[in-house]
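Residues per chain, in single letters:
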Amino acid sequence: MAETKPENAVETIDLCKTYGGGRDARVEALRDVSLAIPRGSIFGLLGPNGAGKSTLINILAGLVIKTSGEARIWGYDIERQMRPARRAIGVVPQELNIDPFFTPRQLLDLQAGLYGVPKAQRRSLELLEAVGLGAQAESYARTLSGGMLRRLLVAKAMVHDPRVLVLDEPTAGVDVELRRQLWSLVRELNERGTTVLLTTHYLAEAEQLCGRIAIINHGRLIACEPTVTLLGRLDAKRLRVTVDRDVSEVPGALKGFNVVIQDARQLIFHYPPSKVNSGQILAAIRDAGLEITDLATRETDLEDIFLRLTHEPMDEAG
Ligand code: ADP
Ligand code: MG
């Protein structure tokens, strides 16, 4: 069947969600969220706990009913065209909710059945191979490690070959090695054409993986743009330099920088990477006659981002 390809894999318009019926217990989890996720992208939805990320994803997945606004997946309205909309999305939930008494292959067959995928078109083993679980296809799920379960959930979300794969905080509580595996899997699926939406509360993670980032806080969208534009707009880095001797006041050679002394041997620099590069800072430290014994840059954390994006004066040029 010929199919038109929408420009955006997912679109929301003024999406709102208020939980709770009682007047006092109402939580406005989403307020007028409008965003567009381009077809073929890896899109990051970034926000702290309670921001509304899972609510947004669960609305798209059909697990939570929106209060108002609109949402479309692959062009299909999630309510008026519910069936095609559901078929277009696969969700890897935040929790590892897998029945321990099934084998991975049984779980995928079952899930394919739920989506009405005909037997001849089921690719359970192929999917398990793709997520590196070929050898575990017939083992009980209870014998799998946390990392394997996480990958099994990705395979489960892919059984009906959805256009859009959604991962809700896939690396929360996940070790470095598994995180790497998961990211290469996500990139691979994306290269084969799947649009990916993932939520995270780590900027560094979104930065590495996502071409576009939306930031949500208290249910409101506060940014949605290409990652490079966003990082450029933040334009703030922090560098901590440890030197070989105590410093009691900022040496003359460093007076031109925004620097503070912390613990006598540690200098903390805040600088806009578009105007200053770290090499200049390091050269100035040597000019001041200090030897560098250690260096660390700190990630801009979410709190910094919110402060900059929400309280920053509009014209800070000059
Ligand atoms: P996130 O995934 O970004 O951590 P959530 O979407 O889970 O955020 O939650 C957003 C807000 O909605 C929070 O204040 C949370 O307590 C509230 N919330 C989430 N689910 C429910 C629910 N089923 N009933 C009532 N409030 C909820
Ligand atoms: Mg969540």
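None of these values were measured; they are calculated from a predicted model. (Residues numbered from 1 in each chain as written. Chains lettered and ligands numbered in written order. Predicted model: local features only at pLDDT ≥ 70, side-chain atom pairs only at ≥ 80, totals over all residues. Heavy atoms only, no water.)

### Observations regarding the domain arrangement of the protein
Per the domain assignment, the segments of the protein are domain 1 (8-88 + 162-231) and domain 2 (237-299). Summarising the inter-unit geometry, the C-alpha centres of domain 1 and domain 2 are found 39 Å apart. (Domains from an automatic or database assignment.)

### Structural notes on helix α9 (residues 278-287)
Among the residues of α9, those classed as buried are I281, L282, A284 and I285. The buried residues of α9 all sit within an arc of 160 degrees when viewed along its axis, so they share a single face. Exposed residues pointing more than 90 degrees away from the buried face of α9 are listed as R286 and D287. Residues of α9 that are buried make contact with β11 (237-243), β13 (266-271) and β14 (292-298). A distance of 3.0 Å separates the backbone nitrogen of G279 from a side-chain oxygen at the start of α9, and that oxygen is part of N277. Taken from the residues just after α9, G289 is the one with a positive phi, measuring 80 degrees. (Buried < 20%, exposed > 50% of the residue type's maximum accessible area, 1.4 Å probe, protein only. Helix = DSSP H or I, 4+ residues; strand = E, 2+ residues; numbered from the N terminus. Arc of directions from axis to C-beta. Contact = heavy atoms within 4.5 Å. Polar contact = N/O pair within 3.5 Å; in protein donor to acceptor, adjacent residues only side chain to side chain.)

### Things to note about the site of ligand 1
What surrounds ligand 1 is the set Y19, V27, A29, P48, N49, G50, A51, G52, K53, S54 and T55. Those elements giving two or more residues to the shell around ligand 1 turn out to be β2 (27-38) and α1 (53-61). Looking at the shell around ligand 1 element by element, the count peaks at three residues for α1. Considering only residue class, the shell around ligand 1 consists of five nonpolar, five polar and one charged. (Near = heavy atom within 4 Å. Nonpolar A, V, L, I, M, F, W, Y, C, P; charged D, E, K, R; others polar.)

### Comments concerning the coordination of the magnesium ion (ligand 2)
Around the magnesium ion (ligand 2), the donor atoms from the protein are S54 (OG) and Q94 (OE1), and they sit 2.1 to 2.6 Å away. On the criterion of sequence distance, the pair formed by S54 in helix α1 and Q94 in the loop between β6 (89-92) and α3 (104-114) is long-range, its members being 40 residues apart. (Donors = N, O, S within 2.8 Å, 3.2 Å for Na, K, Ca; no water.)

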